[in-house]
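Architecture and fold: a report
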Amino acid sequence: MMSFLFYLVVCSFFVSRCHAGCAEVDSQTEAVAGEGFLLGCISCKRREEVSARATVDWHFKPLQEDDFRHIFHYDHPAAAVLHEDFSDRLEWQGTLNGDVQIGAVYIQNVTFNDTGTYRCTFHRTLFLPLQLENVVVEKEVELTVVAVANRELTAVISEIVMYVLIVVLQLWLIIVMVHCYKKIWDDHEAREARKALKAQGS
């Protein structure tokens, strides 16, 4: 779940669906049986200002098999699941227009049979001023399905850093409060001393 949320956060920050910017982020590779999993696939255009149209195909090769199966096709606005093993389990999570740069799909209810190699293929047509240019981009994701999620080292380190920061911030607040209280008390003592001197003078 942490990996899925992390991927979504990274995509939302660095990949804009209105093409303000694009960064290619690798997909997570470990899914938990019985849960959902986002298969990530991003292919950025070399020149954002050039109009383009792309379709995306996903193929799957099960563990210990040699051939890929065509399991999904997206040609905006139509998305089609092409293999019965993934029927009602694949959902398009990519770009919602014809100029596709995010080709992610979400697998619902992951099973151990989903372990294997996933190939994402972009078929992109660039509408250049003088001609059309066809580009094919392929990316692969080696997916492992486990019974229980393994905590990633980065997640553990992030959690430790978070707790350390919380402790440091609390200590800093205590120090600031003590310093402010001491300053207020010193000001109060100084005022009282001045009042005492005035009273003696009168």
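Relevant structure appears above.
The structure reproduced in this document is the subject of the present report. Just so we're clear, the structure is a prediction, and the values are computed from it rather than from any experiment.

So, on to the nonpolar core. Counting 24 residues, the largest nonpolar core has Leu39, Val56, Trp58, Ile71, Phe72 and Tyr118 as the members making the most contacts within it. For this core, the secondary-structure elements that each account for two or more residues are strand E2 (37-39), strand E3 (52-62), strand E4 (69-75), strand E6 (90-92), strand E7 (105-107), strand E8 (116-127) and strand E9 (132-146). The element contributing the most residues to this core is E3, with four residues. Once residues within four sequence positions are removed from consideration, Tyr118 is found in contact with Leu39, Trp58, His59, Phe60, Ile71, Phe86, Ile107, Lys139, Glu140, Val141 and Leu143.

Another aspect to go through is the packing of aromatic side chains. All told, the structure shown has five aromatic pairs when counted by the stated rule. A centroid spacing of 4.5 Å and a plane angle of 25° characterise the contact between Phe60 and Tyr118, whose relative ring orientation is stacked. You can see Phe60 sitting in strand E3 and its partner Tyr118 sitting in strand E8, a full 58 residues away along the chain. The burial state of Phe60 is the same as that of Tyr118; both residues are buried. Among the aromatic residues, those joined into a ring-pair cluster are Phe60, Phe86 and Tyr118. Sitting over the ring of Phe68, Arg119 keeps its end group 4.0 Å from the ring centre.

Okay, the environment of Gly34 next. Secondary-structure assignment places Gly34 in the loop between strand E1 (30-32) and E2. Here the alpha-carbon distance between Gly34 and Val110, two residues 76 residues apart in the chain, equals 5.1 Å. In this structure Gly34 touches Asn109 and Val110, once residues within four positions along its chain are discounted.

Moving on, we come to unusual backbone geometry. Note the cis peptide between His76 and Pro77, where omega equals 5°. Not every positive phi belongs to a glycine, and Gln64 is a case in point at roughly 70°. For Gln64, the position within the fold is in the loop between E3 and E4.

Conventions we followed
Residues numbered from 1 in each chain as written. Predicted model: local features only at pLDDT ≥ 70, side-chain atom pairs only at ≥ 80, totals over all residues. Heavy atoms only, no water. Core = buried A, V, L, I, M, F, W, Y, C linked by side-chain atoms within 4.5 Å. Buried < 20%, exposed > 50% of the residue type's maximum accessible area, 1.4 Å probe, protein only. Helix = DSSP H or I, 4+ residues; strand = E, 2+ residues; numbered from the N terminus. Contact = heavy atoms within 4.5 Å. Phe/Tyr/Trp six-rings, centres within 6.5 Å; stacked < 30°, edge-to-face > 60°. Lys NZ or Arg CZ within 6 Å of the ring centre and 35° of its normal.

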